[in-house]
Structure formats: structure tokens, C-alpha cells
Amino acid sequence: SPAAYNGDNITFDTDDVCTVKLQLDLSNFDFTTKEGALFTLTIDYGDEPVEPTEEPTEAPTEAPTEEPTEEPVEEDTLIVAGSEAEIFGTGWDGTNEANLMTKQADGTYTKDYTVDKAYTAVQLKSVKNGAEWIGDSTGNNVTFNLTGPGTFTVIYDPVENVTSVTGDIVQFITEFEYDTVFAVGNGEGFWLNGASWDPAYVANEMSEVAEDVWEIAFENVPDGFERQVKFAIDGAWTHNFGGAFEDSGVQSPAAYNGDNITFDTDDVCTVKLQLDLSNFDFATKEGALFTLTIDYGDEPVEPTEEPTEAPVEEDTLIVAGSEPEIFGTGWDGTNEANKMTKQENGTYTKDYTVDKAYTAVQLKAVKNGSEWIGDETGNNVTFNLTGPGTFTVTYDPEANVTSVSGDIVEIIAELDYEFVNAVGNGEGNWLNGAAWDPAYETNKMNKVADDVWEIEFTNVPDGFERQIKFAIDGAWTHNFGGVFTESGVETEAVYNGDNITFDTDDVCTVKAQLDLREFNFATKEGAKFTLTIDYEGGDEGGIYGDVDGDGVVTAQDATKIQRRGVELETFDATQEALADVNGDGRVSILDVTCIQRYLAEMTEGIGKTGQKA
């Protein structure tokens, strides 16, 4: 039949199990006229069964003597999950069947990969039955370089419960070579210079005080609960160290790729961090040590006599902001170069001159090294600078508010954005293994309605203190946190708020939704989030777009919805609900378009296609 260039879908039915053969003939296709192409679609139901001409002359001589003694053994499923999306298709995805390993005769499982260039510091594990992540003999990620184009093989040995790699292009990293170390964690205010989970934040680069011994100190850190820190090598997550905090000033083991170091501060203090790698053995991943010292300052000295009149101490106000090119450092409330001057009217001001435009600059005034003061809502003052010129930061002590003014200042009055990413303490299937990366492509949420965004993570194992936030346009400038109350309950999403923390008690599906329809940027209120934890997997409700009920969304589902549109198909209530993937309350060609975009692996304009209902 004629094959139409960019024509309609070819639609057909199959009445029984069959073989479908497709042929496209472009030998006579004329691109100018777009004509001449032909296609052939052949449906083969096989030969009709032939009736025997006569009955068999004899019955079987005897029945089996006994039933099988054992149930069949279900094979394990092993999938490779790794750090390099160019190799593995996705990053740290233990469910991607494109990385399914094959069981060999000797009982091992293998998967071959071919690359066309060199790669450094590739990391991977094998994921057993969607839940158990298996690394090298130390339990860590298998880490190696690929020296150039070629093929390498990933092997899982079930006897040793170890994953390994082989191949001529594989070069194992046997020595720990690095240049620098960064402190990284849940920064706010003076703690970690306000940088939250940024492994390459310049102000948090540690100083080498002896060979392979690194230190950094943070002053005027206020009291706080569950402060967290890790040490990131060369400003990346590839090699990092965590551990368990024992006591202030006590040297403790630093665990390679270990848990976050968590501690509390009971008052304003100085926190000093040290990482000692002088005895670290990369082969065993042991020997690193860390020391965390919390200094609350000297005990007060009793005066020898009472002063006749207490002197009035002036407040100190310092501007701390997001743009080091303007403020010299990022979110540093101790930088005296940003000290504000008290005016006759009691306000404090600081002038800045810039030579170019900036977007989404943020700042606060820091009072006496501890109180961070923003706009009238308490949030960061957020604004654009339209070009070269001067602007002024003003702190009003009566209103306790910080503001900016100047001809080049453009206050951001609305939240104009394009997309939302889920971000948090990812590991394994939770957040696709991405830890605090606000721009991780796989964690981009789906727009299911105007200003309503959703994402789902399946086969999330049990875990304590999972954390999540929502990052606007893949950056920390605008983000939303909050307080988790209960699964499935809509709750206030707090602009630039705390991490949303929750536990999972078993393997589950976690669905996160952010609703910005009622968000008011002026008041920073009106946003809502819903976090749903499903321990049953959610299959009973079906999958949006899967109207034929086979468990996956395919072109056949799109065809059935098209046929329903011209009354060649009749849907029941469940099919009607699953077909409305764009959520507009009706089934139409718009839903078909969403499914087609989903099948083309697009991430926008797909509605709820592929999500559990």
C-alpha cells in the first residue's frame, strides 16, 4: 500500500496470536512530491492444525510414577546502575531493563558495553531484584577509568556477592589522587556559608594544613538541630567521606561514600572541621579520619567592679548575598568588606557598583553575626540588575526589613519559571541515586496541569530520614520545602523552607506533587505539596495511558483511544479515567498526543502518561 510521508498511524487488529511482519520500500520515493513510498504489513496466524486421519492405536504405556519433587526456582534479576548516563542511558537507575544482565552457564551474570571515547572515574553497582545494591569487595561502588574506545564487561558473582568489571580498556583506580577537598552539607546562614549541598562551593574549600590533612572553620554558627556535613573530593560527589559524629574534638573514622555526619549546636559557636587522609588506603577504603570541634567560646569573666553606666553597643550589619562577583564571597555574613554604614535616620546602607547585568540576585543583612534579615516576608531579597550602575542595600531597624533600591534594580514580582526538579538525599532508586543535585535531568518533574508538577519513584527501599525539596528551573535560587505530616495529605510548601523529611518502612513507591497554582510571590505563600508513600505498589489503580491493561503504555493504547474517539471502541469507567492523561476531564486527541510524546521519550507535554493511577 502507499506509505504517506508524515501520514496517519497505520491501524490494524490481530484476532489471535500471530507474527506481524513490516516492510517499508523507499526505492521509488520522490522527496519533491513526497510520493512513491510503499509499505507492506503481513499478519501470519500460522498453519491451521491438521486433524489426524485416525486415532492413535495405543494409549501411553504408563503414567508418570511421581510428581516433581521441587517447585521451580525463580531466577534473580540483575541490572547495572552507574554514574555515567552516556554509557548506561540513565544515571544510577536500578530499574532500566536496557542494563539487564544475562545469566551465564557458570552462574555469574554479565553485561557488555561498548564506548566510543575515554571516560574517567566511572562508577557502578549491580542491583539485585530491584532492591539490593551490590558493589565491589568492600561494598563500595566499582570505580574505574575507560582508556578509550572499546568494550568492557560488568560481572556479578552470586557466590561472592560482588560486582566487577573487565576489559582491555578498563583501568582500575588504585591510588587516590586528588587536588582539594570541600566541606558540603545542609548549609544555612554562617553554617557552610549558607551553601546547601553544593560540593563545589568556592567559599567552602578546605585548607591543607599538613600533607593530606585539611581544615576549615565556620564562625558565629547559631544553635541548630541536625546539622549535616560531608567532605567532597575535588568538588564532586565521585569520592566523598561521611561518618558518625561521636563527640566534639574526638577523631573518628571517615567512611568513604558514607552517611552524612550529623550533629547539633546548642548555642552560637565556631565549628571546625578536619579531614585526615594521610593514612587512607584506596584499595580497602579505610584509614581516613575526621574531627569535628564545636567551640562555644570562653567562659564569661566576672567584672572587678560594676560599671557606672553600660555603654550602648552599636549593631553591626553586614550584607551577605548569592553573587560572589558583587559581594566578594557567597553568603558570607562575616565579610567586613560588606559592612553597612549607619545613617542619621537610623537606617544602615551599603552601595554597590556593577559593570553588567545580573539575574536573580539574592541577599540578606546579617545583624551582629547571627540574625539574618530579609524582606518583609523573612525571605531573601530577590531582584535583577538590568545593566551597569549602582544600587543600594538598606536595613531598616524599626521594620527589621532589608531592601534594595536604584535605577538598575528590578524587583522580581512574579515567579516566572519553566520546570521543577525534585532534589534531596538520593540513593539507589530514591531520586534516581542523585544526592542534592538541583539540575539532575532524570529528576525533572512532569507537568500534569498548569503549575502542578509530579514525579514518582518506584522500588524505593526502606530508609530513615529521606529528604526532598523542589528546585525551580534546576537551581537553588527558588526552592520549596516544608514539613511532612502524612502520606497523601496536601501540606503547605514553604518557599526556601526546610528539607521535607520522612521515613519509608518497606519497599514502596513514592509520589511527589508540587502545586503552585495559588502561589503568591509577593507573600511567598499559597504553594502546596503532597507526598504519597504506597507500599502496595499502586498497581490496582492502573497506569495512565494503559487502556488495554497490559501493564505498559504502548502505541496500541494510543490507537485504542483514537478508535474510541470515532466510536469504534467502547471504554468502561476505568479505561475512561486512564485515557484522560492530560487531566482535562475528557478523552480526546490531546490525550493521544501526550501518549505519543511519552513514547518518543519526551519529558514535557506528556501529562500523567506512565504514572500510576
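Structure: above.
Residues numbered from 1 in each chain as written. Predicted model: local features only at pLDDT ≥ 70, side-chain atom pairs only at ≥ 80, totals over all residues. Heavy atoms only, no water.

A. Up close: the overall build of the protein chain. The helix and strand inventory of the protein chain stands at 5 helices and 40 strands. With the principal axes as the frame, the protein chain shows a C-alpha extent of 125 × 55 × 50 Å. Taking all 613 residues of the protein chain together, 44% fall into the buried category. Across the protein chain, the fraction of contacts at a sequence separation of at least 24, relative to all contacts at a separation of at least 6, is 63%. With the model as given, the accessible surface of the protein chain reaches about 33100 Å², and the carbon-plus-sulfur share is 45%. Charged side chains in the protein chain number 32 positive and 121 negative. The centres of these two groups are separated by 6 Å. (Helix = DSSP H or I, 4+ residues; strand = E, 2+ residues; numbered from the N terminus. Buried < 20%, exposed > 50% of the residue type's maximum accessible area, 1.4 Å probe, protein only. Contact = heavy atoms within 4.5 Å. Areas by Shrake-Rupley, 256 points an atom, 1.4 Å probe, with all protein chains shown as cover. Lys, Arg positive; Asp, Glu negative; His and termini not counted. Charge placed at Lys NZ, Arg CZ, Asp CG, Glu CD.)

B. How the structure looks around a negative patch on the surface. On the surface, Asp223, Asp264, Asp266 and Asp267 cluster together into a patch of negative charge. Along the chain, Asp264 turns up in strand β19 (residues 261–265). The partly exposed category is assigned to Asp264, whose relative accessible area is 34%. (Patch = residues over 30% accessible without salt bridge, like charges linked within 9 Å, V, L, I, M, F, W, Y side chains within 5 Å. Salt bridge = Lys/Arg side-chain N within 4 Å of Asp/Glu carboxyl O.)

C. Structural detail: helix α3 (residues 555–565). Taken together, the buried positions of α3 are occupied by Asp557, Ala558, Thr559, Lys560 and Ile561. Buried residues in α3 make contact with α4 (573–579) and α5 (589–599). Just beyond α3, the residue with positive phi is Glu567, at close to 65°.

D. Local environment of the side chain of Thr394. With respect to the helices, strands and loops of the structure, Thr394 is situated in strand β28 (residues 389–396). Using a relative accessible area of 18% as the deciding quantity, one classes Thr394 as buried. Discounting residues that sit within four places of it in the chain, Thr394 has contacts with Met340, Thr347, Tyr348, Thr349, Val401, Thr402 and Ser403.

E. Seen up close, unusual backbone geometry. At Asn129, a residue that is not glycine, the phi angle is positive and equals roughly 55°. Structurally, Asn129 can be placed in the loop between β6 (119–128) and β7 (132–134). Residue classification places Asn129 among the partly exposed residues on the basis of a relative accessible area of 46%. Look at Glu601: it is not a glycine, yet its phi comes out positive at around 65°. By the secondary structure assignment, Glu601 is in the segment after α5.

F. Main features of the pattern of salt bridges. By the definition in use, this model includes 18 salt bridges. Between Glu576 and Arg564 there is a salt bridge, with its nearest N and O atoms 3.1 Å apart. With Glu576 in helix α4 and Arg564 in helix α3, this residue pair connects regions lying 12 residues apart in the sequence. Accessibility expressed as a relative area gives 24% for Arg564, which makes it partly exposed. One salt-bridge network, held together by shared partners, links Asp13, Lys560, Arg563 and Glu569.

G. Here's a closer look at the packing of aromatic side chains. For the structure on display, the rule yields 40 aromatic pairs. Between the aromatic rings of Trp92 and Trp133, the centroid separation amounts to 6.4 Å while the plane-to-plane angle is 40°, which identifies the pairing as tilted. You can see Trp92 sitting in the loop between α1 (85–88) and β4 (102–103) and its partner Trp133 sitting in strand β7, a full 41 residues away along the chain. Between the aromatic rings of Phe190 and Trp372, the centroid separation amounts to 5.3 Å while the plane-to-plane angle is 75°, which identifies the pairing as edge-to-face. You can see Phe190 sitting in the loop between β12 (181–188) and β13 (191–196) and its partner Trp372 sitting in strand β26 (residues 371–373), a full 182 residues away along the chain. Considered together, Phe190 and Trp372 belong to a single accessibility category, that of buried residues. Three or more aromatic residues joined by ring pairs form one cluster here, namely Phe176, Tyr178, Trp214, Phe241, Tyr256, Phe280 and Phe282. Sitting over the ring of Tyr256, Lys285 keeps its end group 5.5 Å from the ring centre. (Phe/Tyr/Trp six-rings, centres within 6.5 Å; stacked < 30°, edge-to-face > 60°. Lys NZ or Arg CZ within 6 Å of the ring centre and 35° of its normal.)

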